[in-house]
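Per-entry structural report
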Amino acid sequence: MAAASGALLAGVNAGRAAEGEVIPIGAGVPLTGWAAADGIEFKRAAEMARDEINAMGGILGRPIEVFFEDTKNQGADNIIPAMQRLIDRHNVHAIINGYNTGAVCAEYDTIADAGIIYIHHNTDIVHHQVVGGDPERYFGIFMGDPAEYWYGEGLLTFLNNLKASGDWAPDNNKIAIITGSQNYSVVIADAIREKAAEYGWDISLYETVVVPISEWGPTLAKLRADPPAVIAVTHWVPQDLAQFMLQFTPNPTNSLVYMQYGPSLSAFREIAGENANGVLYSTVIASLRDEKGEAFNTAYRDRFGADSSPLTGAQVYDSLHYYALMAAIAGGTGGPGEFEQNQKIADRLRSMIYRGVMGTTRFFIPEQAGIPYPDATNDPSMGMPHQFLQHQDYTKEAELIAPDPYVSAPFKMPPWMAS
Amino acid sequence: MDTFIQIVISGLVLGSMYSVSAIGLTLLWGALNVLNMAHGAFLVAGGYAAYYFGGYLGLPAYVAIPGALATGVVLGLLVYAGVARPLRKNANFETTVIIATVGVALVIENLVQKGFGAYPLKQPLSLQGGFNIAQTFVPWNSVLVCVVSIVLLVLLDFVVRKTRYGRMIRAVAQNYEAARLMGIRTGAVYRFVFAISGLMAAISGIMLSTATTLSPTMGYDPMLKAFIVCVIAGLGEVRGALIAAFALGVLEATVQFQLGVRFALPLLLLLVVVTLIFRPQGLLRKNEASRL
């Protein structure tokens, strides 16, 4: 396929073949542990981007090689040593990751001490505080996607837009929030709760569940006792969410059901079956269904098989491409300790507007985190789309129902709701 | 009224899942003083074996389920032969076997993850559909789990109390050396109990995975809940485990509704602490010496 950065990178490389000294790039990804399925996609995407970059002449004629370290079940105890090994053992010039959870930016000092570029997709609002609080020390650290906080406010924007479109007329203005106990879920739930009144909504229930949960009866009893217009489940484990739908649909309330992350995984549809139809979810980081996104999705599946997940791999694919492009424009990469060269690359990244397979990557300054569209900018060419999706046929992938101009199908009233 | 019915049904569903999880754990402790930390992993192995035979190979349920049960028995025998038997003569057997079975759990979990991946899977052998009591939907699968858990515990209690093998197990449980001197083949008793424990765990794993989902880590939560049930009932107390499991299930569902879901587990753990302080042999065991 034609890579997103193809023409530009090839142009900067000026026809040079990738024949020089190899540039080591690191990736600390969960190759084992609970997130291994996603970690494998991150590895695949890095290998795909590597091959495409090298076919275009690498970075100013130097091929790149990607070295992987396993972050296992994640958390600081696994992530920090993995990053340290990439720097000490492989002398990497940059670390390009998918997501790792649980470290809450604890690995940043390891990176800052080495002075290399680090792009990750941890979707963590703490990144804003850490990098925004000391942009000089953490100059090379970028979060390639918007923080999880935006899921909360973005949902409220989406609901109001849906109401205004006339496609949905809620019975009331109540939102019931069901959150897990992990930081990710709580930040999103709190963002919905804090901003709800501003958007004209009341919170009728704020329930924290303990992970894992398979018996939803008591929670459903509360929902049925006071039916809300929207049920927002920010707990994200797919099998737990599937169980919720299996127990909700036999005796539903007239509520939209929004769920976090889990419905994007095929396991949700497989377990919930037709009960998945109608469920809404969103992502601030996935490949699009447009021309560029579909070309990537097709090439990815052709290479790694029909069961592979390009939507997950896209984050590493895009970020490795734009790192290579910005490094080439900056005059080359810099290894550990080469602060000056890496500062030049960081300068290029900060001013970058990059259109990849996930839409536009552009960073908040000084936080160096992805800007979401339409949550923080109303210009689709200036932010990464906060994609809202709906399962309309559980045997197929979900349809992208917002925001414009990326929509693949219109919103459909869930089968359990009155039309 | 609907709310009350929902809470009772949720409590029974939770209770049946806890009791089905507790069976193998309480048997091994009651009979052999073995606190099997690999019990959760045994459940995982049973669930995945059923998935492998029924889902991956596409065999009918009447072949897949016996295949999974046989896997549980083999696993129980392997752990006996590879872990419990070599450690049996160790002076600190009861402690070392805990550590050893933690290792067994890690091996099983990682093998399952290597073989089947980390993605959660649907157990293909589950029952579909259900019926309504007032406005509350009751899945047939939950009814099956409930019935199976009760039947298994009653059956186990019968075997232990009324059969010749059960008497041998109780003799070994009460005094290992004395049982040997009386001519009981203690090795055979150990093998039998481990095999039965593996069998029970396989059944539990199948039941739990039909009610929830298959994943390499699906054993952790049932293991914790089984431990809570066993401590409150009294470790090794088979009848008590059944009563405690359902009582705790209903209590948990009530707390989840009245106070909030997040308060249920802390309350159960508080009950464990209180039980261990004031009645360490468990609420339903007569004294510390008696087991099974």
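Heads up: these notes are all about the structure in this document.

**Side note on a nonpolar patch on the surface**
Residues and elements named next belong to chain B. Residues L251, L267, L270, L271, V273, V274, I277 and F278 make up a contiguous nonpolar surface patch of about 700 Å² in total accessible area. Per-element accounting of the nonpolar patch gives the leading share, 7 residues, to helix α11 (residues 264–278). Position of F278 among the secondary structure elements: in helix α11.

**Description of a positive patch on the surface**
All names here are of chain B. A cluster of basic residues, R85, K89, R164, R167, R180, R185 and R191, forms a positive patch at the surface. In this structure, R164 sits in helix α6 (residues 164–174). Residue class for R164 comes out exposed when judged on its relative accessible area of 61%.

**Things to note about the nonpolar core**
If you look at soluble globular proteins, the nonpolar side chains tend to sit buried side by side. Residues and elements named next belong to chain A. Counting residues in each nonpolar core, the largest one holds 100 residues, and the members touching the most others are W168, F244 and Y323. Top element by residues in this core is helix α12 (residues 310–329). It accounts for 11 residues. Two domains each provide a minimum of three residues to this core, namely domain 1 (6–146 + 288–380) and domain 2 (149–283 + 386–402). Those residues within four positions of F244 in sequence are excluded, and the remaining contacts are I178, W216, L220, L223, I231, V257 and M259.

**Quick notes on the layout of surface pockets**
As a volume, the second largest pocket reaches approximately 670 Å³. For the second largest pocket, the lining is made up of 36 residues, of which Q243, L246 and Q247 of chain A together with F137 and P139 of chain B are closest to its centre. Secondary structure elements with two or more residues in the lining of the second largest pocket: α8 (217–225), α9 (238–248) and α10 (266–272) of chain A together with α1 (2–32), β2 (136–139), α5 (140–162) and α8 (186–211) of chain B. Ranked by the residues each element gives to the lining of the second largest pocket, the list is headed by α1 of chain B, at 5 residues. When its residues are assigned to classes, the lining of the second largest pocket shows 13 nonpolar, 19 polar and 4 charged.

**Re the interface of chain A and chain B**
Taken together, the contacts link 30 residues of chain A with 26 residues of chain B. Counting the surface lost from both chain A and chain B, the interface buries some 2400 Å², and carbon and sulfur atoms represent 60% of this. Connecting chain A to chain B are 0 salt bridges. Of all the secondary structure elements, the ones that give two or more residues to the side of chain A that touches chain B are α2 (36–55), β7 (202–208), α8, α9 and α10 of chain A. Of the residues in the side of chain A that touches chain B, the class split is 14 nonpolar, 10 polar and 6 charged.

**What to know about the packing of aromatic side chains**
Residue and element names in this part refer to chain A. Taken as a whole, this structure holds 30 aromatic pairs over all chains when the rule is applied. On the numbers, 5.0 Å between centres and 90° between planes, the contact of W216 with F244 is edge-to-face. Remark: F244 occurs in helix α9 and W216 occurs in the loop between β7 and α8; sequence separation between them is 28 residues. With relative accessibility at 0%, the residue F244 sits in the buried group. Pairing F248 with W416 gives two aromatic rings, centres 5.6 Å apart and planes at 90°, and the pair type is edge-to-face. You can see F248 sitting in helix α9 and its partner W416 sitting in the segment after β18 (399–402), a full 168 residues away along the chain. Of the two residues examined, F248 and W416, each falls in the buried class.

Criteria and cut-off values
Residues numbered from 1 in each chain as written. Chains lettered and ligands numbered in written order. Predicted model: local features only at pLDDT ≥ 70, side-chain atom pairs only at ≥ 80, totals over all residues. Heavy atoms only, no water. Patch = residues over 30% accessible without salt bridge, like charges linked within 9 Å, V, L, I, M, F, W, Y side chains within 5 Å. Areas by Shrake-Rupley, 256 points an atom, 1.4 Å probe, with all protein chains shown as cover. Salt bridge = Lys/Arg side-chain N within 4 Å of Asp/Glu carboxyl O. Helix = DSSP H or I, 4+ residues; strand = E, 2+ residues; numbered from the N terminus. Lys, Arg positive; Asp, Glu negative; His and termini not counted. Charge placed at Lys NZ, Arg CZ, Asp CG, Glu CD. Buried < 20%, exposed > 50% of the residue type's maximum accessible area, 1.4 Å probe, protein only. Core = buried A, V, L, I, M, F, W, Y, C linked by side-chain atoms within 4.5 Å. Domains from an automatic or database assignment. Contact = heavy atoms within 4.5 Å. 1 Å grid on protein atoms, 1.4 Å probe; cavity = no way out; pocket = protein on both sides within 12 Å on 5 of 7 lines; lining within 4 Å. Points joined across faces, edges and corners; volume = space filled by probe spheres on them. Nonpolar A, V, L, I, M, F, W, Y, C, P; charged D, E, K, R; others polar. Buried area = accessible area lost by both parts, 1.4 Å probe. Phe/Tyr/Trp six-rings, centres within 6.5 Å; stacked < 30°, edge-to-face > 60°.

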